Amino acid sequence: MMHLLCLSGSLRAASASSAVVATLCERLHGVATTSRFDIGALPHYNADLEPPQAVLALKSEIAAADGLVIVTPEYNYSVPGVLKNAIDWASRPAYASVLKDKPVFVASVSGGALGGVRAQSHLKYILAGTLARVFVWQEVIVPHANTKVVDGRLADEAITAFLLDGIRAFIGSIARG
Ligand SMILES: Cc1cc2nc3c(=O)[nH]c(=O)nc-3n(C[C@H](O)[C@H](O)[C@H](O)COP(=O)(O)O)c2cc1C
(Lines give C-alpha, C1' and ligand atoms only; values in the text may rest on other atoms or scores of the structure.)
Protein backbone atom coordinates (compact mmCIF):
# COMPACT_ATOMS: atom_id res chain seq x y z
CA MET A 1 0.00 0.00 0.00
CA MET A 2 1.27 3.50 -0.81
CA HIS A 3 2.11 5.85 2.03
CA LEU A 4 1.08 9.51 1.75
CA LEU A 5 2.42 12.24 4.02
CA CYS A 6 -0.16 15.02 4.43
CA LEU A 7 0.63 18.63 5.29
CA SER A 8 -1.85 21.34 6.23
CA GLY A 9 -0.69 24.88 5.48
CA SER A 10 -2.63 26.28 8.44
CA LEU A 11 -1.79 26.11 12.14
CA ARG A 12 -5.11 27.18 13.64
CA ALA A 13 -7.18 24.64 15.53
CA ALA A 14 -10.36 25.22 13.48
CA SER A 15 -8.51 25.21 10.17
CA ALA A 16 -10.44 24.13 7.06
CA SER A 17 -7.17 22.96 5.49
CA SER A 18 -6.53 20.66 8.45
CA ALA A 19 -10.16 19.48 8.24
CA VAL A 20 -9.59 18.53 4.60
CA VAL A 21 -6.43 16.64 5.60
CA ALA A 22 -8.27 14.85 8.43
CA THR A 23 -11.11 13.88 6.09
CA LEU A 24 -8.69 12.63 3.49
CA CYS A 25 -6.77 10.51 6.00
CA GLU A 26 -10.03 8.91 7.19
CA ARG A 27 -11.46 8.31 3.76
CA LEU A 28 -8.24 6.81 2.40
CA HIS A 29 -8.39 4.02 4.94
CA GLY A 30 -7.80 0.76 3.04
CA VAL A 31 -6.58 2.65 -0.05
CA ALA A 32 -3.31 4.12 1.24
CA THR A 33 -1.64 4.65 4.58
CA THR A 34 -1.37 8.28 5.67
CA SER A 35 0.43 10.38 8.24
CA ARG A 36 0.51 14.08 9.07
CA PHE A 37 3.31 16.42 10.01
CA ASP A 38 2.77 19.59 12.04
CA ILE A 39 4.72 22.29 10.21
CA GLY A 40 4.15 24.62 13.17
CA ALA A 41 6.93 22.70 14.94
CA LEU A 42 9.54 24.12 12.55
CA PRO A 43 11.64 27.19 13.40
CA HIS A 44 12.08 29.99 10.89
CA TYR A 45 14.43 28.97 8.12
CA ASN A 46 17.98 30.04 8.85
CA ALA A 47 20.86 28.65 6.83
CA ASP A 48 23.19 29.27 9.77
CA LEU A 49 21.36 26.71 11.93
CA GLU A 50 22.26 23.06 12.07
CA PRO A 51 18.93 21.58 10.96
CA PRO A 52 16.96 21.13 14.21
CA GLN A 53 15.26 17.86 15.15
CA ALA A 54 11.88 18.94 13.75
CA VAL A 55 13.47 19.64 10.37
CA LEU A 56 15.24 16.27 10.34
CA ALA A 57 11.92 14.62 11.20
CA LEU A 58 10.13 16.41 8.36
CA LYS A 59 12.82 15.44 5.88
CA SER A 60 12.85 11.83 6.95
CA GLU A 61 9.03 11.61 6.76
CA ILE A 62 9.08 13.10 3.26
CA ALA A 63 11.84 10.69 2.21
CA ALA A 64 9.87 7.71 3.54
CA ALA A 65 6.59 8.69 1.86
CA ASP A 66 5.61 7.56 -1.61
CA GLY A 67 3.87 10.88 -2.10
CA LEU A 68 3.10 14.16 -0.42
CA VAL A 69 -0.35 15.77 -0.15
CA ILE A 70 -0.40 19.48 0.66
CA VAL A 71 -3.60 21.36 1.47
CA THR A 72 -2.96 25.08 1.56
CA PRO A 73 -5.11 28.05 2.50
CA GLU A 74 -4.81 31.26 0.53
CA TYR A 75 -3.21 34.16 2.38
CA ASN A 76 -3.01 37.42 0.45
CA TYR A 77 -3.26 35.64 -2.89
CA SER A 78 -0.47 33.20 -2.04
CA VAL A 79 0.63 30.48 0.38
CA PRO A 80 1.00 31.12 4.13
CA GLY A 81 4.55 31.93 5.20
CA VAL A 82 4.56 28.92 7.53
CA LEU A 83 4.09 26.57 4.57
CA LYS A 84 6.75 28.30 2.49
CA ASN A 85 9.05 28.01 5.51
CA ALA A 86 8.51 24.23 5.67
CA ILE A 87 9.20 23.87 1.94
CA ASP A 88 12.32 26.01 2.25
CA TRP A 89 13.67 23.73 5.01
CA ALA A 90 12.81 20.57 3.10
CA SER A 91 14.29 21.91 -0.14
CA ARG A 92 17.91 21.90 1.02
CA PRO A 93 20.36 20.87 -0.39
CA ALA A 94 19.12 22.66 -3.48
CA TYR A 95 18.02 20.42 -6.36
CA ALA A 96 19.11 17.32 -4.42
CA SER A 97 16.71 17.40 -1.46
CA VAL A 98 14.06 14.92 -0.32
CA LEU A 99 11.61 16.88 -2.47
CA LYS A 100 13.46 16.13 -5.70
CA ASP A 101 11.29 13.81 -7.82
CA LYS A 102 8.80 13.45 -4.95
CA PRO A 103 5.23 13.13 -6.22
CA VAL A 104 3.07 15.91 -4.72
CA PHE A 105 -0.69 16.44 -4.83
CA VAL A 106 -1.91 19.96 -4.06
CA ALA A 107 -5.36 21.17 -2.99
CA SER A 108 -6.43 24.55 -1.61
CA VAL A 109 -9.06 26.18 0.56
CA SER A 110 -10.14 29.74 1.14
CA GLY A 111 -12.78 31.83 2.78
CA GLY A 112 -13.63 33.33 -0.60
CA ALA A 113 -15.26 32.07 -3.78
CA LEU A 114 -12.03 31.14 -5.59
CA GLY A 115 -11.06 28.37 -3.18
CA GLY A 116 -7.46 29.46 -2.90
CA VAL A 117 -6.70 28.74 -6.53
CA ARG A 118 -4.15 31.56 -6.64
CA ALA A 119 -2.29 30.08 -3.66
CA GLN A 120 -2.50 26.66 -5.29
CA SER A 121 -0.90 27.97 -8.44
CA HIS A 122 1.86 29.69 -6.43
CA LEU A 123 2.45 26.49 -4.47
CA LYS A 124 2.87 24.46 -7.65
CA TYR A 125 5.39 27.02 -8.93
CA ILE A 126 7.31 26.97 -5.63
CA LEU A 127 7.42 23.17 -5.75
CA ALA A 128 8.82 23.33 -9.28
CA GLY A 129 11.81 25.12 -7.74
CA THR A 130 12.47 22.02 -5.63
CA LEU A 131 12.22 19.63 -8.61
CA ALA A 132 9.27 17.90 -6.94
CA ARG A 133 6.90 16.08 -9.31
CA VAL A 134 3.67 18.03 -8.95
CA PHE A 135 0.69 15.92 -10.02
CA VAL A 136 -1.16 17.53 -12.90
CA TRP A 137 -4.91 17.11 -12.56
CA GLN A 138 -8.04 19.24 -12.30
CA GLU A 139 -7.62 21.77 -9.50
CA VAL A 140 -9.22 20.67 -6.25
CA ILE A 141 -10.44 23.73 -4.36
CA VAL A 142 -12.65 24.31 -1.34
CA PRO A 143 -14.37 27.71 -1.68
CA HIS A 144 -16.16 29.31 1.29
CA ALA A 145 -14.27 26.73 3.28
CA ASN A 146 -15.29 27.87 6.73
CA THR A 147 -18.92 27.08 5.98
CA LYS A 148 -17.98 23.53 4.98
CA VAL A 149 -16.28 22.31 8.14
CA VAL A 150 -18.22 20.35 10.76
CA ASP A 151 -16.49 18.73 13.74
CA GLY A 152 -13.06 19.12 12.15
CA ARG A 153 -14.04 17.39 8.91
CA LEU A 154 -14.91 18.60 5.40
CA ALA A 155 -18.70 18.41 5.26
CA ASP A 156 -19.11 18.68 1.52
CA GLU A 157 -19.52 15.29 -0.10
CA ALA A 158 -19.16 16.50 -3.69
CA ILE A 159 -15.80 18.15 -3.02
CA THR A 160 -14.65 15.20 -0.90
CA ALA A 161 -15.51 12.76 -3.69
CA PHE A 162 -13.71 14.94 -6.25
CA LEU A 163 -10.67 15.15 -3.98
CA LEU A 164 -10.65 11.36 -3.51
CA ASP A 165 -10.88 10.86 -7.29
CA GLY A 166 -7.82 13.07 -7.65
CA ILE A 167 -5.91 11.23 -4.92
CA ARG A 168 -6.73 7.85 -6.47
CA ALA A 169 -5.42 9.12 -9.81
CA PHE A 170 -2.33 10.43 -7.98
CA ILE A 171 -1.71 7.05 -6.36
CA GLY A 172 -2.13 5.37 -9.75
CA SER A 173 0.45 7.69 -11.27
CA ILE A 174 2.93 6.92 -8.46
CA ALA A 175 2.38 3.18 -9.02
CA ARG A 176 3.11 3.59 -12.72
CA GLY A 177 6.30 5.47 -11.85
C1 LIG B 1 -3.50 36.68 6.57
C2 LIG B 1 -4.69 36.16 5.80
C3 LIG B 1 -4.81 36.45 4.46
C4 LIG B 1 -5.89 35.97 3.73
N5 LIG B 1 -5.95 36.20 2.39
C6 LIG B 1 -6.91 35.63 1.64
C7 LIG B 1 -6.91 35.77 0.23
O8 LIG B 1 -6.04 36.36 -0.36
N9 LIG B 1 -7.91 35.17 -0.47
C10 LIG B 1 -8.91 34.46 0.15
O11 LIG B 1 -9.79 33.94 -0.54
N12 LIG B 1 -8.92 34.29 1.50
C13 LIG B 1 -7.95 34.86 2.25
N14 LIG B 1 -7.94 34.69 3.61
C15 LIG B 1 -8.98 33.88 4.21
C16 LIG B 1 -8.49 32.43 4.36
O17 LIG B 1 -8.35 31.80 3.10
C18 LIG B 1 -9.50 31.65 5.19
O19 LIG B 1 -9.56 32.22 6.48
C20 LIG B 1 -9.14 30.18 5.30
O21 LIG B 1 -10.17 29.50 5.93
C22 LIG B 1 -7.86 29.98 6.08
O23 LIG B 1 -7.48 28.64 6.03
P24 LIG B 1 -7.67 27.66 7.29
O25 LIG B 1 -9.16 27.57 7.55
O26 LIG B 1 -7.09 26.37 6.85
O27 LIG B 1 -6.97 28.28 8.47
C28 LIG B 1 -6.89 35.19 4.36
C29 LIG B 1 -6.76 34.92 5.74
C30 LIG B 1 -5.68 35.39 6.44
C31 LIG B 1 -5.54 35.05 7.91
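What counts, and where the lines are drawn
Residues numbered from 1 in each chain as written. Predicted model: local features only at pLDDT ≥ 70, side-chain atom pairs only at ≥ 80, totals over all residues. Heavy atoms only, no water. Helix = DSSP H or I, 4+ residues; strand = E, 2+ residues; numbered from the N terminus. Rg over C-alpha atoms; globule rule 2.2 N^0.38 Å. Buried < 20%, exposed > 50% of the residue type's maximum accessible area, 1.4 Å probe, protein only. Contact = heavy atoms within 4.5 Å. Areas by Shrake-Rupley, 256 points an atom, 1.4 Å probe, with all protein chains shown as cover. Lys, Arg positive; Asp, Glu negative; His and termini not counted. Charge placed at Lys NZ, Arg CZ, Asp CG, Glu CD. Expected span 1.5 Å × (residues − 1). Arc of directions from axis to C-beta. Near = heavy atom within 4 Å. Polar contact = N/O pair within 3.5 Å; in protein donor to acceptor, adjacent residues only side chain to side chain. Nonpolar A, V, L, I, M, F, W, Y, C, P; charged D, E, K, R; others polar. UniProt positions renumbered as here; feature names shortened; annotations may be inferred. Core = buried A, V, L, I, M, F, W, Y, C linked by side-chain atoms within 4.5 Å.

**Overview of the overall build of the protein chain**
Here is step 1 of the chain: Scanning the protein chain from N- to C-terminus turns up five helices and eight strands.
Here is step 2 of the chain: Tracing the protein chain from N to C terminus, the helices and strands come up as β-α-β-α-β-α-β-α-β-β-β-β-α.
Here is step 3 of the chain: Over its C-alpha atoms the protein chain spans a radius of gyration of 15 Å, differing by no more than 12% from the 16 Å that the globule rule assigns to 177 residues.
Here is step 4 of the chain: Dimensions of the protein chain, computed from C-alpha atoms along their principal axes, come out at roughly 45 × 35 × 25 Å.
Here is step 5 of the chain: In the protein chain, buried positions account for 48% of the 177 residues.
Here is step 6 of the chain: Residue pairs in contact within the protein chain that sit at least 24 positions apart in sequence constitute 78% of those at least 6 positions apart.
Here is step 7 of the chain: Of the roughly 8,400 Å² of accessible surface on the protein chain, 55% is carried by carbon and sulfur atoms.
Here is step 8 of the chain: Both charge centroids of the protein chain, one from 15 positive and one from 14 negative side chains, sit 4 Å from each other.

**Examining helix H4 (residues 117-128)**
Here is step 1 of the chain: The terminal C-alpha atoms of H4 lie 17 Å apart, and with twelve residues this matches the ideal 16 Å at 1.5 Å per residue to within 8%.
Here is step 2 of the chain: Inspection of H4 places Ala-119, Gln-120, Leu-123, Ile-126 and Leu-127 among the buried residues, and these make up the whole buried set. In a view along the axis of H4, the buried residues occupy a sector of 120°, so they form one face of it.

**A few points about the site of the ligand**
Here is step 1 of the chain: Taken together, 16 residues lie around the ligand, and Ser-10, Arg-12, Ser-15, Ser-17 and Asn-76 are the ones closest in.
Here is step 2 of the chain: Contact distances for the ligand include 2.8 Å between an oxygen atom and a backbone N or O atom of Ala-16.
Here is step 3 of the chain: At 3.2 Å, a side-chain N or O of Ser-110 approaches an oxygen atom of the ligand.
Here is step 4 of the chain: When the ligand sits alone it has 620 Å² of accessible area, and the protein chains cover 72% of it.
Here is step 5 of the chain: Class assignment of the residues belonging to the shell around the ligand gives a composition of five nonpolar, eight polar and three charged.

**Focus on the UniProt feature "domain: NADPH-dependent FMN reductase-like" (unreviewed entry) in the protein chain**
Here is step 1 of the chain: Following the UniProt record, one finds the feature "domain: NADPH-dependent FMN reductase-like" (unreviewed entry) at residues 2-146.
Here is step 2 of the chain: For the annotated span residues 2-146, helix accounts for 32% and strand for 20% of the residues, and the straight-line distance between the end C-alpha atoms is 30 Å.

**Looking at the nonpolar core**
Here is step 1 of the chain: Counting 27 residues, the largest nonpolar core has Leu-4, Val-69, Phe-105, Leu-163 and Ile-167 as the members making the most contacts within it.
Here is step 2 of the chain: No other element matches the seven residues that helix H5 (residues 157-176) contributes to this core.
Here is step 3 of the chain: Discounting residues that sit within four places of it in the chain, Leu-4 has contacts with Leu-28, Ala-32, Thr-33, Thr-34, Ser-35, Gly-67, Val-69, Ile-167, Phe-170, Ile-171 and Ile-174.
Here is step 4 of the chain: If you look at the next biggest cluster of nonpolar residues, it comprises 26 residues, including Val-55, Ile-62, Ala-86 and Ile-87.

**Points about unusual backbone geometry**
Here is step 1 of the chain: Arg-92 connects to Pro-93 through a cis peptide bond whose omega is -5°.
Here is step 2 of the chain: Structurally, Pro-93 is set in the loop between helix H3 (81-90) and strand E4 (103-109).
Here is step 3 of the chain: Phi at Asn-76 is positive, roughly 50°, even though this residue is not glycine.
Here is step 4 of the chain: Along the chain, Asn-76 turns up in the loop between strand E3 (67-73) and H3.
Here is step 5 of the chain: For His-144, which is not glycine, the phi torsion reads 45° and is therefore positive.
Here is step 6 of the chain: The exposure class of His-144 is partly exposed, given its relative accessible area of 39%.

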